[in-house]
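Below, each chain spelled out in residue letters.
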Amino acid sequence: MATLLQQAFRRKPVRKMAAESGLDGHGGGQLARSIGLFQLTMIGVGATIGTGIFFVLTEAVPVAGPAVVWSFVIAGVVAGLTAVCYAELASAVPVSGSSYSYAYATLGEVVAMGVAACLLLEYGVSSAAVAVGWSQYLNQLLGNLFGFRIPDVLSQSPEGGGVLNLPAVVLVTLCALLLIRGASESATVNAIMVVIKIAVLVMFVVIGITGWNTDNFADFAPFGVTGITGAAGIIFFAYIGLDAVSTAGEEVKNPRRTMPLAIMLALVTVTVVYVAVALVAVAAQPQAEFAGQEAGLSAILENVVGASWPGTVLAAGAIISIFSVTLVTIYGQTRILFAIGRDGMLPRFFQKVNARTSTPVNNTIVVAVAVALLAGLLPINFLAEMTSIGTLVAFLVVSVGVIILRRTEPGLPRGFRVPGYPVTPILSIAGCVWIIVGLRPITIAVFAIWVAVVLIWYFTYGIRHSRLRTTTTDTVGDVL
């Protein structure tokens, strides 16, 4: 038993990770370093804005009422505390795999696989959730421009009265094709889409504020603190863009400086936009109208202006911006699978990289198929909560990892250090636990089952095939 525990909690040296990724003069890694600061910041913003603000108010306002504004603030504070922890680890361990790799370096192999379960849930399910939201805005745009909507049978999940959410499946397919083309090209397209989405949301704030009605704040917190924290849990999945930045560690130029800076810039941008849009939305529309409302922000503008054109513009912007969210979250999941495959705990199939495009094509196809099935068949509210708990657990582990790495590798080069250490990571841990406790029991139960399935995989396959067990030399993956 002692031997099994020693194997399960073995840690991967940071220097070995650096050697595999071509960091600090160790030679070339499998993935090309082609992403700069602006592109990386836009990856963070692109994975975040659009995930929540374009449609999550429909799910969160019925839970918290107008106090959902505080839910956004709470989620943002917890995400901010964690963001600085991510910034330190991303500068110290700038490799693919995000918090999976950080856990492997600090807490051990079995914990890393548990975190991998969280990340696979986080990215796979969030990709599906935003793809479902995309189909809502596509129908809004088609209705405004052409007086036509895709029938429910092809635009709703079975629970929503349909057979398949076809637009969501099409979106996932388009994202997969772009990612197969190349990481730099995908980052450039994403940056363009992010600029468009920010412009559209600024338009929403400017127009929506003209419909400000103080009476809409009268029953500010109808469900008390429980409602506010419950809504924060639903909203929290909107902050996974900060985690997405760290999945690009092996494809970023000058990662020790670029990664922490991009994380902080993305956090500031996202928080300001989220709070501004949420405040204007709840001021412009009575809380009772949010429940079950499709393409909510577009509908709010149409009611404020009394015409369809602002809603049409917003729906078009949402279609573009949610595309960027799906693109980045699918990208993040493929890089996590790549890291796990390189470590030997998934079959070698998952670590293979195309020689021409320097992208993990196998991963991209597998992820696209899985996400398309989720998006086509499941409703958005369940997907949003499942994403939140995966994100929260991953954030919690990162905060713990900062404390451990400070003790085990005090001399490791760091491009950024957490301010207020150790209070900041401790507060981050407490904030994550607080929101997790507020989630529905069924969400926690399904999450526990999923993690158990991944750990069964680890103990039946991963622990025997781990590269730390099978070789002591630096190993890189196959190239097609």
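This structure is a prediction, so every number in the text was calculated from the model and none was measured.

## A closer look at the environment of Thr214
Then, number 1: Mapping Thr214 onto the fold places it in the loop between α10 (183-208) and α11 (224-235).
Then, number 2: Using a relative accessible area of 55% as the deciding quantity, one classes Thr214 as exposed.
Then, number 3: Distance in space between the C-alpha atoms of Thr214 and Val282 is 9.6 Å, their sequence separation being 68 residues.

## What to know about the packing of aromatic side chains
How two aromatic rings sit relative to each other is set out by the distance from centre to centre and by the angle between their planes.
Then, number 1: The final tally for this structure, using the stated rule, is nine aromatic pairs.
Then, number 2: Here a set of aromatic residues connected by ring pairs shows up, and it is made of Tyr86, Tyr102 and Phe395.
Then, number 3: Lying across the ring of Tyr421, Arg406 places its NZ or CZ 4.1 Å from the centre.

## Some words on the nonpolar core
The nonpolar side chains of a soluble globular protein tend to be buried, and buried together.
Then, number 1: Leu40, Leu57, Val68, Phe72, Tyr100, Phe204 and Leu297 are the most contacted members of the largest nonpolar core, which totals 154 residues.
Then, number 2: At 21 residues, helix α7 (residues 109-146) tops the list of elements feeding residues into this core.

## As for the pattern of salt bridges
Side chains carrying opposite charge are able to pair once their charged atoms draw close together.
Then, number 1: Here the structure, examined in full by the defined rule, presents seven salt bridges.
Then, number 2: With a closest N to O distance of 3.5 Å, Arg181 and Glu185 form a salt bridge.
Then, number 3: By relative accessible area, which is 47% here, Arg181 ends up partly exposed.
Then, number 4: One salt bridge connects Arg335 with Glu251, and the closest N-O pair in it is separated by 3.0 Å. One end of the pair, Arg335, is in helix α15 (residues 309-342); the other, Glu251, is in the loop between α12 (241-246) and α13 (255-284), and 84 residues separate them in sequence.
Then, number 5: Residue classification places Arg335 among the buried positions, given a relative accessible area of 1%.
Then, number 6: Classification of Glu251 as buried rests on a relative accessible area of 1%.
Then, number 7: Here the salt bridges share partners, and the residues they tie into one network are Glu88, Arg406 and Arg414.

## Let's talk about helix α19 (residues 441-465)
Then, number 1: With 25 residues, α19 extends 35 Å between its outermost C-alpha atoms, agreeing within 8% with the 36 Å of an ideal straight helix rising 1.5 Å per residue.
Then, number 2: Looking at α19, one finds that the buried residues are Thr443, Phe447, Val451, Val454, Tyr458, Tyr461, Gly462 and Ile463.

## Re the environment of Ala231
Then, number 1: Tracing the backbone through its elements, the reader meets Ala231 in helix α11.
Then, number 2: A relative accessible area of 0% places Ala231 in the buried class.
Then, number 3: Between the alpha carbons of Ala231 and Thr258 there is a distance of 33 Å; along the sequence they are 27 residues apart.
Then, number 4: In this view, Ala231 contacts Ala60, Val63, Ala64 and Ser71; residues no more than four positions away in its chain are not counted.

Cut-offs applied
- Residues numbered from 1 in each chain as written.
- Predicted model: local features only at pLDDT ≥ 70, side-chain atom pairs only at ≥ 80, totals over all residues.
- Heavy atoms only, no water.
- Helix = DSSP H or I, 4+ residues; strand = E, 2+ residues; numbered from the N terminus.
- Buried < 20%, exposed > 50% of the residue type's maximum accessible area, 1.4 Å probe, protein only.
- Phe/Tyr/Trp six-rings, centres within 6.5 Å; stacked < 30°, edge-to-face > 60°.
- Lys NZ or Arg CZ within 6 Å of the ring centre and 35° of its normal.
- Core = buried A, V, L, I, M, F, W, Y, C linked by side-chain atoms within 4.5 Å.
- Salt bridge = Lys/Arg side-chain N within 4 Å of Asp/Glu carboxyl O.
- Expected span 1.5 Å × (residues − 1).
- Contact = heavy atoms within 4.5 Å.

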